[in-house]
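What follows is the residue order along each chain.
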Amino acid sequence: MDISRRNFLKLGLGIAAFAALPKFTLAATKKTGAYHYSIKVMHTKHCFKNNQVIDIMSYNETIEAPVIIARQGQPITIEVTNLLDEPTTIHWHGLRIPIEMDGVPHLSQPPILPGETFTYRFTPPDAGTYWYHSHVNSIHQLGKGLSGCFIVEESQPAKFDADIPLLLRSWRIDEEGGWLPLTTPKSFRSGTKGTMDTVNSKSIPTIEIPERSLIRLRLVNVDSTKIYKVILAGRKSKLIAIDGHPLESYRTFENYQVAPGCRIDLALRSPVKDKTIVLKANDDEKILAYLKTVKHQGIPIKRSLPQLPPNPISQYKQNRKEYMFSFTWQGGDGWTINGKPLLHISQDDHGKPLKRLKLGKSYTFILNNNTQYRHPIHLHGHIFRVIENSGGEVGYWTDTVTLGKSQTVKIAFVADNPGKWMFHCHIIEHMKTGMSGYIEVS
Ligand code: C2O
Ligand code: CU
């Protein structure tokens, strides 16, 4: 049996839940005990509406990118072949892996040129919900489809009856079903928003879940621009993890602002068959998807909700060096971090890091949003704790923190991964127009 199949069985997915997952087309091999996948990055035809067939970019041929399943503490290899007519790379968002595997062109690896294959090899130290996406020509490559879900199972997988990724994004599609421009002169504001919201690449899908079961939902915002404040109507659920990392105490889920790059895990007990739970977003409570209960195959087991084990994140020291970062709009010069935009990195010129950190030392970063727009700020290769926040959540671990208008957030972490790590806004047009830089840890 190949490993993709084996993993499905281990997740204990019923037939119904299986159908809900983005198509799993990974050519997983039988290499003993290893998690091995191959991905082809390619141009694909797709129709969103009105029989209008358009060009998208895909991982393995369909608009629904394969869900990669890895296991905490076990090596995984992912062979990536570039069949596009432009360079690409894959960044494994939120995974603490060596810099050579981080997928940032020039900073961590040469871009994968058309026709080339690059094999990513790493061992994920943390369990949880992550995602992967292109880090080259990002407005275009993310805008046209290059992103997917990356699940790292706990080293002793937590038991749920169904485990369902829900990838949120919005596409720039016009009335006829053709592409709208992916970026507009307004990009300096909140970014160019999509016009067609989808969950797992479908507009308002009905996703079947088994009745009377313990369900884990993994919501991932893979959009380049939109912040989704999500609500689940019709059933109580618990927020069990934020950005991959289990909450120390679960709490009743009300709503959560999931910004580009961010994830939340929810747990719920599904009702009897033929009931509908509705995933909605934002203040207008726009419907994103229906979750419909279907007959359970076999007899439902009464499971108790497992407490997910914490990930092995280094504990920072009391005594920490403090650095301030201000996120600003510099008029004509565009977006910046500390007054400097990072627009271009080449193979032999990486420019200057925003900061140099000492390997193994603890740091506090004070992040100041000096703008009227929101910015989800992402640090590669590290997990940090939000310890103070002038306008939101504190006391959780993450790789991406959302700064609201004029908001200040303090984060703390140990610089325990050597390399040059991108530090940028995950609203892709902000990143591309300068709200980007890197931190060097050595
Ligand atoms: Cu998910 Cu540098 O990004
Ligand atoms: Cu931004």
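These numbers come from a predicted model, not from an experiment.

(A) Structural context of the domain arrangement of the protein chain. The domain boundaries assigned to the protein chain delineate domain 1 (5-153), domain 2 (162-294) and domain 3 (321-441). Put simply, the middle of domain 2 and the middle of domain 3, counted by C-alpha atoms, are 26 Å apart. Taken together, the contacts link 24 residues of domain 2 with 19 residues of domain 3. Carbon and sulfur atoms supply 50% of the area buried between domain 2 and domain 3, which totals about 1,800 Å² over both sides. Of the charged contacts in the structure, one is a salt bridge between arginine 263 and aspartate 399, with a shortest N-O distance of 2.9 Å. Counting across the interface, domain 2 meets domain 3 through nine residue pairs in polar contact (both at pLDDT 80 or more). Of all the elements in the fold, those that place two or more residues in the side of domain 2 that touches domain 3 are strand S15 (245-252) and strand S16 (255-258). Looking at which element gives the most residues to the side of domain 2 that touches domain 3, the answer is S15, with three residues.

(B) Spotlight on the packing of aromatic side chains. Under the criterion given, the structure shown has 20 aromatic pairs. Here the aromatic rings of tryptophan 329 and tryptophan 335 are separated by 5.1 Å at their centres, their planes lie at 65 degrees, and the arrangement is edge-to-face. In this structure tryptophan 335 comes out as buried when scored by relative accessible area, which is 1%. In this structure an aromatic cluster arises from ring pairing among Tyr59, Trp92, Phe118, Tyr120, Phe122, Tyr132 and Phe150. Across from the ring centre of tryptophan 171, 3.5 Å away, lies the NZ or CZ of arginine 169, which sits over that ring.

(C) Structural view of the layout of surface pockets. Of the pockets and cavities examined, the second largest pocket occupies roughly 270 Å³. Together, 18 residues line the second largest pocket, and Tyr256, Gln257, Glu393, Tyr396 and Thr402 are the ones closest to its centre. Elements with a minimum of two residues in the lining of the second largest pocket: S16 and strand S27 (400-403). Here the element with the most residues in the lining of the second largest pocket is S27; it accounts for four residues. When the residues that make up the lining of the second largest pocket are grouped by side-chain class, the tally is six nonpolar, eight polar and four charged. Residue assignment places the lining of the second largest pocket across two domains, with domain 2 (162-294) and domain 3 (321-441) each supplying three or more.

(D) Quick look at the coordination of the copper ion (ligand 2). Donor atoms from the polypeptide that bind the copper ion (ligand 2) are His375 (ND1), Cys425 (SG) and His430 (ND1), placed at 2.0 Å. Spacing between the donor residues of the copper ion (ligand 2) along the chain follows H-x49-C-x4-H. Note that histidine 375 is positioned in strand S24 (residues 375-379) and cysteine 425 in strand S29 (residues 419-425), a separation of 50 residues in sequence.

(E) Region of the structure containing empty space enclosed by the protein. All told, the structure shown has four cavities of 30 Å³ or more when counted by the stated rule. Considered as a void within the structure, the largest cavity measures approximately 140 Å³ in volume. As for the largest cavity, its lining consists of 15 residues, of which Gly143, Leu182, Thr192, Ser224 and Thr225 are closest to the centre. Mapped by element, the contributors of at least two residues to the lining of the largest cavity are helix H3 (138-143), strand S9 (162-171) and helix H4 (428-432). Here the second largest cavity defines a volume of roughly 110 Å³. What lines the second largest cavity is a set of 13 residues, among which Ile63, Ala65, Ser147, Leu167 and Ser201 lie closest to the centre. Those elements giving two or more residues to the lining of the second largest cavity turn out to be strand S8 (147-153) and S9.

Quick notes on the rules
Residues numbered from 1 in each chain as written. Chains lettered and ligands numbered in written order. Predicted model: local features only at pLDDT ≥ 70, side-chain atom pairs only at ≥ 80, totals over all residues. Heavy atoms only, no water. Domains from an automatic or database assignment. Contact = heavy atoms within 4.5 Å. Buried area = accessible area lost by both parts, 1.4 Å probe. Salt bridge = Lys/Arg side-chain N within 4 Å of Asp/Glu carboxyl O. Polar contact = N/O pair within 3.5 Å; in protein donor to acceptor, adjacent residues only side chain to side chain. Helix = DSSP H or I, 4+ residues; strand = E, 2+ residues; numbered from the N terminus. Phe/Tyr/Trp six-rings, centres within 6.5 Å; stacked < 30°, edge-to-face > 60°. Buried < 20%, exposed > 50% of the residue type's maximum accessible area, 1.4 Å probe, protein only. Lys NZ or Arg CZ within 6 Å of the ring centre and 35° of its normal. 1 Å grid on protein atoms, 1.4 Å probe; cavity = no way out; pocket = protein on both sides within 12 Å on 5 of 7 lines; lining within 4 Å. Points joined across faces, edges and corners; volume = space filled by probe spheres on them. Nonpolar A, V, L, I, M, F, W, Y, C, P; charged D, E, K, R; others polar. Donors = N, O, S within 2.8 Å, 3.2 Å for Na, K, Ca; no water.

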